[in-house]
Amino acid sequence: MIAMKPAAMAVCAFLTVMTLAAIAFFGRGTATLPVNVAQPVPETEIGPKVAKEGPQPKAVIPEVEYDFGKMEMGDEGSHVFIIKNEGEAPLEILARKEETTCSCTVGNVAGDGKLAPGQQTEVTLNWKIKLSNPSFRHHAVIRTNDPGNRRIELTVVGKVEAGLQLKPEGEWAMGQLKIGAPSEATGSIYSPLFDKFEITEVKTDLPTTQITWVPLTEEQLSERGAKSGYLLKATVSGDVPVGSYSDRVVLQTSLEKHKEVSFAIKGTRPGPIDVMGRGWANESTALILGDFPAKDGKTAELSLFVRELEGDLELKSYETAHNAVEVALRKDDKYMGKGVQRYFLTVKVLPGLPADRQFKKSEKVILKLNHPLIPEYKFFVSYLSL
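Right, let's walk through the structure included here. Note that the structure is a prediction, hence the values are computed from the model and not measured. Every chain is numbered on its own, with residues counted from 1 as its sequence reads. Given that this is a predicted model, residues contribute local features only at a pLDDT of at least 70 and side-chain atom pairs are listed and counted only at 80 or more, while totals for whole chains, interfaces and linings are drawn from all residues. Hydrogens and waters are ignored; side-chain quantities use all the structure's heavy atoms.

## Quick word on the pairing of strand S12 (residues 183–191)
Step number 1: Here S12 lies mainly inside the structure; seven of its nine residues are buried.
Step number 2: When DSSP finds at least two bridges between two strands, those strands are taken to pair. Every helix listed is a DSSP run of H or I at least four residues long, and every strand listed is a run of E at least two residues long, numbered separately from the N terminus. Across nine bridges, S12 lies against strand S15 (residues 228–236) in antiparallel orientation. Among the inter-strand pairings, Ser191 is bridged to a residue of S15, identified as Ser228. The buried label applies to any residue whose accessible area, calculated with a 1.4 Å probe on protein chains only, is under 20% of its type's maximum; exposed applies above 50%, and partly exposed to all values in between.

Structure (structure tokens):
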């Protein structure tokens, strides 16, 4: 027998391993490794074990689904279900956390955790409305050792609604306001959840807006699906200035979660002067010029159609907020409208430094006129000079 040196033995061992690996790779050898695969627990075996013989319990649930009705965001709800044991053996009850969408509490049972025949217990579901979905649904799965009722699903359903609702919400559009007579708009504020609430105070930014209210009738409440509410009436006086009209109304209520509800009133007071032209926004009484080079300035021309005036319209003077705009008025002698005169109003943004006069920063122009019904006409010039 020939003795091998350690280095030679290592080389031999390496070659042996490589040979076995090659055999396995090319299919000349096989290797089997034990694999443990977890088998799912059958649905019928989840929960307390069922006795194979002898007397059995019987779970009786008078109610498995409850309609809680209406709730609003942030509200917390609770409902109690009853489980009775009408069998001949103790009933075991198990509520697993992973099978509930809310908090589930099983009431008192015997010291060994079992419900004796003839006894009953309470299962309480507690939940909180966290999403503004139109409806909600919460459930808890109860497992028992009743062979005929191994899985019981208790469910609570309901609707999610705002506790106080205003219609129209956000803005009341009154369109053209009347001249010399009040203009009115109606709406309602109501609750589908609360049996009663009061309007404690009303605030408006302008004294020309008045808000009154009366309780909704039973028929009106039914139409809105409400428990309580009021019919609102907004009245705008007939002597407001010509141009756009905007007011903010704040209603204060007795409801803790809805102390204030606000909305806007929008309208336009027409006058004996109608303005038309490119860039003119009638709803905001603004001339929108866009952007242009500051060094060039920009000029626009508007048409004024004037009624209810004897003689010619005169521009006595004008005021501007930033002294960046000039205006001039001239009559269109060729216009032959019946009872109507036409004038051209030239609006010129003077050359100068770049300026942002857009939206709330627009240039305000007040025309001083000789018209008896409209001695002043206010409008805005919106632009961005670069």
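## Examining the sheet that holds strand S10 (residues 165–167)
Step number 1: The strand order S10-S12-S15-S14 describes an open sheet built from four strands, whose pairing is antiparallel. For this open sheet the edge positions go to S10 and strand S14 (209–215), each flanked by a neighbour on one side alone. Looking at each pair of strands side by side, their axes are set apart by 25° on average, direction ignored.
Step number 2: Two elements, S10 and S12, share three bridges in a ladder whose sense is antiparallel. The residue of S12 that forms the bridge with Lys167 is Ser188. Axis lines are fitted to C-alpha atoms, over the contacting stretch for helices. Their N-to-C directions set the angle, which ranges from 0 to 180 degrees.

## Overview of the sheet that holds strand S4 (residues 91–100)
Step number 1: What the five strands build is an open sheet, ordered S2-S9-S8-S4-S6; its pairing is mixed. Looking at which strands have only one partner, the edges of the open sheet turn out to be strand S2 (65–71) and strand S6 (114–115).
Step number 2: Alignment of strand S8 (residues 135–144) against strand S9 (residues 151–160), held across nine bridges, turns out to be antiparallel. The residue of S9 that forms the bridge with Ser135 is Lys159.

## Points about the packing of aromatic side chains
Describing an aromatic ring pair means giving the distance of the ring centres and the angle of the ring planes.
Step number 1: Each pair of aromatic rings taken from Phe, Tyr and Trp, with Trp reduced to its six-membered ring, is defined by centres within 6.5 Å and is described as stacked if the planes are under 30 degrees apart, edge-to-face if over 60, and tilted in the remaining cases. A complete count under the given rule lists nine aromatic pairs for this structure.
Step number 2: With centroids separated by 5.3 Å and ring planes inclined at 85°, the aromatic side chains of Phe197 and Tyr230 adopt a geometry described as edge-to-face. With a gap of 33 residues between them, Phe197 in the loop between S12 and strand S13 (199–204) and Tyr230 in strand S15 connect regions that are remote in the sequence.
Step number 3: Phe197 sits in the buried class, given a relative accessible area of 2%.
Step number 4: The class of Tyr230 is buried, set by a relative accessible area of 10%.
Step number 5: Ring pairs connect the aromatic residues Tyr66, Phe68, Trp127 and Phe136, which therefore count as one cluster.

By themselves, these are just geometric observations and shouldn't be taken as functional.
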